[in-house]
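Chain and residue survey
Below, each chain spelled out in residue letters.
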Amino acid sequence: MNQRVDAVTPLSGYGLAGGDDRALVGYRQELVELLDRLTLGREGKLPSAIPGLSIHRLSAPRPPQYVVHDPVFSVIAQGAKRLSIGQEIYEYDPMHYLVSSVDLPVLADVSRASREAPYLGLRLDLDVELIGELIHDDNLPTVSATEPARGLYVNRLEAPLLETVLRLLRLLDSPQDIPVLAPMIKREIAYRLLRHGHGARLRQIALKDSQTRRIAAAIRLLRERYAEPLPVAVIAGNVHMSVSSLHHHFKAVTAMSPLQYQKQLRLQEARRLLLAGTLEVTAVAQRVGYESPSQFSREYRRCFGLPPQRDRQRWRP
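Attention here is on the structure that accompanies the text.

Definitions and limits used
- Residues numbered from 1 in each chain as written.
- Predicted model: local features only at pLDDT ≥ 70, side-chain atom pairs only at ≥ 80, totals over all residues.
- Heavy atoms only, no water.
- Phe/Tyr/Trp six-rings, centres within 6.5 Å; stacked < 30°, edge-to-face > 60°.
- Helix = DSSP H or I, 4+ residues; strand = E, 2+ residues; numbered from the N terminus.
- Buried < 20%, exposed > 50% of the residue type's maximum accessible area, 1.4 Å probe, protein only.
- Lys NZ or Arg CZ within 6 Å of the ring centre and 35° of its normal.
- Polar contact = N/O pair within 3.5 Å; in protein donor to acceptor, adjacent residues only side chain to side chain.
- Pairing = 2+ DSSP bridges.
- Axes fitted to C-alpha atoms, helices over the stretch in contact; angles between N-to-C directions.
- Salt bridge = Lys/Arg side-chain N within 4 Å of Asp/Glu carboxyl O.

**Regarding the packing of aromatic side chains**
Following the criterion strictly, the structure yields five aromatic pairs and no others. Between tyrosine 300 and phenylalanine 304 the ring centres are 4.7 Å apart and the planes differ by 55°, which places this aromatic pair in the tilted class. Residue tyrosine 300 and its partner phenylalanine 304 are both found in helix H11 (residues 293–304); the two are separated by four residues, about one turn of the helix. Accessibility expressed as a relative area gives 10% for phenylalanine 304, which makes it buried. Taken together, the ring pairs connect Tyr290, Phe296, Tyr300 and Phe304 into an aromatic cluster. A cation sits over an aromatic face here: arginine 266 above tyrosine 290, 5.7 Å from the ring centre.

**Some points on the side chain of arginine 28**
Mapped onto the secondary structure, arginine 28 falls in helix H1 (residues 19–39). Of note is the side chain of arginine 28, whose polar atom sits 2.9 Å from the backbone oxygen of proline 94.

**Things to note about the sheet that holds strand E8 (residues 104–112)**
Strand order in the open sheet made by the four strands is E3-E8-E5-E6, with antiparallel pairing throughout. With partners counted over all chains shown, the strands left at the sheet margins are strand E3 (65–69) and strand E6 (88–92), one partner each. Across the sheet, the mean angle from the axis of one strand to that of its neighbour is 35°, orientation sign disregarded. Across five bridges, the pairing between E3 and E8 is antiparallel. When the sheet's bridge partners are listed, valine 68 is paired in E8 with proline 105.

**Looking at the sheet that holds strand E1 (residues 44–47)**
The six strands lie next to each other as E1-E2-E9-E4-E7-E10, forming an open sheet whose pairing is antiparallel. Either end of the sheet is taken by a strand with one partner, and the two such strands are E1 and strand E10 (152–156). Looking at each pair of strands side by side, their axes are set apart by 25° on average, direction ignored. Relative to strand E2 (residues 53–58), E1 is paired through four bridges, and the arrangement is antiparallel. When the sheet's bridge partners are listed, proline 47 is paired in E2 with serine 54.

**Concerning the pattern of salt bridges**
Counted by the stated rule, this structure contains 17 salt bridges. For the salt bridge of arginine 82 with glutamate 91, the shortest nitrogen-to-oxygen distance reads 3.6 Å. Salt bridges here are not isolated pairs; linked through shared partners, they connect Glu163, Arg167, Glu188 and Arg192.

Quick look at the structure:
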């Protein structure tokens, strides 16, 4: 089942009314102006002086790229983005934010950007330890336990959360305040994410005995040892789950089986090696864990649309 969010609409076209909505429009406009000024003359993903915060600017749509989404909170100020996990599609824009609560391989593309209206956005790494502290705070309202659900979701952006994001971004103009104020604002952002929308999914990643926490541990193991032959029984034993339970919950969170997840990691690393270096295709295949070069070429083509050598020639003329 595809999950879709409406395409981006100009700020002036939202047709919002009421005090909170008028504030939201003002906050969005300030976010565009801040990010435009902070990224002017630069392109791509740009680190900031605030640990874990990156800002983004693209002046043209970007073709789909496979990336591994670490646990992250992402907001778009201008433009639109589309992510695919398996057969599911997630689209978000300035009306929405995205949360990835576990490490997920996704196909991502910026679907709306131009020189006149560049794609502008920000990403904040999620601190699982901080989320764990918050969910054990007696003042945080409790929610009923849920079955593991997809580790990535899109929610409508509301004024209190966006105002908190703006306060964090404004600190880039007063770097002397960052060490003291940034941790406090990050905590407030995490609190608001936990309190609204699909916050119950985010809680699961920090609960010590939750199935989602075990799946996150399985994902870490796969990322660390993606090039090794790693039987599912070994993964299940490492995270104290049965093989059948691992399969069920892993697919619920990632939309993939553990072996499909491992294959995505291998192919993404293979493409990085091909485009960044001079290794022969056979050597790349071996480095990422393939014993059969022909199997590697078949799976690479299925994933990226071209055989390895032709894909390298396309991107490195």
